[in-house]
Amino acid sequence: MVIKVRPASVYEDVRALVGPKAPGANVCWCLSYRIPSKFNNELRGPARGAYVAELCRTDPPPGVIAYDGDEPVGWAAVAPRADTSFARSRKIPYVDDLPVWSLWCLRVRPGHRKQGVSHALIAGAVAFARDRGAPAIEAYPLDNGDARVDLTMAYAGIRRNFERAGFTHAADTTSVLAGHPRVVMRLDLR
């Protein structure tokens, strides 16, 4: 398997990775941290997909997609922290005033897991942020040690994978996901 990571500008590929099976469903679409909570709750059914389609046409697009050939197999949400709800978070602290980018969601399609896709997504998100002038990129993964993580809650990633990508621990948080604390991991891009 040769994985290529590209900007998430093809709506159908984003939909295949984070969209619902039923068009009217009110699933995440990876919008929970991207838009204010009130707007996220008001955005219902097909309007959620339409909003994501518009994001795919913007610059920068809403993240990166990993491909195995032409098949989309993984997703990573990445954007300037100032454009996300992390900018207002009481649980995930700022490390400093640097205008960092945030990487907050990784999703690998079933059948493609344990093949290095998440590592390619992290590297691709780093390159995406660096190419757009980010001075640093942060992630907020689970600090799970050797404990297993429920796959539905593993979207935040795990600390070990970010350490392998060169990120270092920048701060503790008061955020807990799936019973595991989250930490701020950072990679300087300057």
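Procedures and definitions
Residue positions within a chain follow its written sequence, with the count starting from 1. Residue-level local features of this predicted model are given only where pLDDT is at least 70; pairs of side-chain atoms are given and counted only at 80 or more, and the full residue set underlies all totals for whole chains, interfaces and linings. Water and hydrogen atoms were dropped before computing side-chain values, which therefore reflect all heavy atoms in the structure. Labels follow the DSSP assignment, with helices taken as runs of H or I lasting at least four residues and strands as runs of E lasting at least two, numbered in each case from the N terminus. Pairs of N or O atoms within 3.5 Å make up the polar contacts considered here, provided that, within protein, one atom can donate a hydrogen while the other can accept it, and that residues adjacent in sequence are counted only when both atoms are side-chain atoms. The contact definition used throughout considers only heavy atoms, calling two residues in contact when any of these lie within 4.5 Å. Cavities and pockets were defined on a 1 Å grid built from protein atoms only: a cavity is a group of points that admits a 1.4 Å probe but offers it no way out, a pocket is an open group of points flanked by protein on both sides within 12 Å along at least five of seven lines, and a lining residue is one with an atom within 4 Å of any such point. Grid points are joined across faces, edges and corners, and a volume is the space filled by probe spheres set on the points. Lys, Arg, Asp and Glu make up the charged group, whereas Ala, Val, Leu, Ile, Met, Phe, Trp, Tyr, Cys and Pro make up the nonpolar group; the residues left over, Gly among them, are polar. A pair of aromatic rings is counted whenever rings of Phe, Tyr or Trp (Trp by its six-membered ring) have centres within 6.5 Å, and the orientation is called stacked for planes under 30 degrees apart, edge-to-face for over 60 and tilted otherwise. Burial classes: relative accessible area under 20% of the type maximum marks a residue as buried, over 50% as exposed, and values in between as partly exposed (1.4 Å probe, protein chains only).

Draft legend 1. Molecular detail of the side chain of Thr 173. Looking at the element boundaries, Thr 173 is found in strand E6 (residues 168-177). A polar side-chain atom of Thr 173 sits 2.6 Å from the main-chain carbonyl oxygen of Arg 182. Other than its neighbours up to four places away in sequence, Thr 173 contacts Lys 91, Ile 92, Pro 93, Arg 182, Val 183 and Val 184.

Draft legend 2. Structural context of empty space enclosed by the protein. Tallied over the full model, the rule gives one cavity of 30 Å³ or more. Reported here for the largest cavity is a volume of approximately 40 Å³. Looking at the largest cavity, the residues that line it are Val 14, Trp 29, Cys 30, Leu 31, Arg 34, Val 52, Leu 55, Pro 62 and Trp 75. Residues belonging to the lining of the largest cavity are distributed by class as follows: eight nonpolar, no polar and one charged.

Draft legend 3. Spatial organisation of the packing of aromatic side chains. Per the stated rule, a full pass over the model turns up eight aromatic pairs. Centroid distance Tyr 11 to Trp 29: 5.9 Å. Interplanar angle 15°. Geometry classified as stacked. With Tyr 11 in helix H1 (residues 11-18) and Trp 29 in the loop between H1 and helix H2 (37-42), this residue pair connects regions lying 18 residues apart in the sequence. A relative accessible area of 5% means that Trp 29 is categorised as buried. Seen in terms of ring centroids, Tyr 33 and Phe 86 are 4.6 Å apart; in terms of plane orientation they differ by 15°. Their pairing is stacked. Taken together, the positions of Tyr 33 in the loop between H1 and H2 and Phe 86 in the loop between strand E3 (71-80) and strand E4 (101-108) put the pair 53 residues apart, joining distant regions of the chain. On the accessibility criterion, Phe 86 (2% relative accessible area) is buried.

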